[in-house]
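# Inside the fold
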Amino acid sequence: MINLIGLLSNDILLWYNKRLKGILLLTDLSSSDLLIILDGVEKISLINRGEIFNFFFNRLRNTKEFREYVLENRKYPKINGIIISPIEISYNNPKVLYMILNGYILYDPQNLLQEKRKEIKENKIKIVNYKHDKLIDLGKVKKGEVIDL
């Protein structure tokens, strides 16, 4: 699976070059999630962002490594892609926060992901397990206080 992630990430890097601002990997036993940070996608719909990721996944499907993985595991790899812009990182989406806090940074030339990870830890945003789900702990929020999620 890591080999396929490497091929996919490399293909995205070669395609977008300087517009690619970061790639982060969050993996567990059943699937892998890639957070792809591209410059200038904030005005693109979520459906079209999915199409961008599917374009690269379909290119991966044509490789020898992909065929070997399918033959060996008898299933397609579960790789999900989330494409956001550097501006959208500041929106503090819970899924993105969780990925940044717990994922592996694969590509981060401008330390964008490192800085956001440091900010999350300094602000003491806690992500807790609750009934098999991940939640952001807002226990210290005062009444009437406005916070970014």
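Just above sits the structure.
The following paragraphs examine the structure supplied in this document.

Calculation notes
- Residues numbered from 1 in each chain as written.
- Predicted model: local features only at pLDDT ≥ 70, side-chain atom pairs only at ≥ 80, totals over all residues.
- Heavy atoms only, no water.
- Phe/Tyr/Trp six-rings, centres within 6.5 Å; stacked < 30°, edge-to-face > 60°.
- Helix = DSSP H or I, 4+ residues; strand = E, 2+ residues; numbered from the N terminus.
- Buried < 20%, exposed > 50% of the residue type's maximum accessible area, 1.4 Å probe, protein only.
- Pairing = 2+ DSSP bridges.
- Axes fitted to C-alpha atoms, helices over the stretch in contact; angles between N-to-C directions.
- Contact = heavy atoms within 4.5 Å.

## Some points on the packing of aromatic side chains
- Here the structure, examined in full by the defined rule, presents seven aromatic pairs.
- Judged by centre distance (5.9 Å) and plane angle (90°), the rings of W15 and F56 are edge-to-face. Of this pair, W15 sits in helix α1 (residues 2-16) while F56 is found in helix α2 (residues 46-61), placing the two residues 41 residues apart along the sequence.
- Judged by its relative accessible area of 47%, W15 is partly exposed.
- Residue F56 is classed as buried on the basis of its relative accessible area of 3%.
- Relative to F56, the ring of Y16 has its centre 5.8 Å away and its plane inclined at 55°; by these criteria the two rings are tilted.

## Focus on the sheet that holds strand β1 (residues 20-27)
- Strand order across the open sheet formed by four strands is β3-β2-β1-β4, with mixed pairing between neighbours. Unpaired on one side and paired on the other, β3 (79-84) and β4 (104-107) mark the two borders of the sheet. Put simply, the sheet's adjacent strands are angled 25° from each other on average, direction ignored.
- Across three bridges, the pairing between β1 and β4 is antiparallel. Pairing of I23 across the sheet is with Y107, part of β4.
- Across the face of the sheet, α2 comes into contact with β2 (32-38) and β3 while running at roughly 140° to β3.

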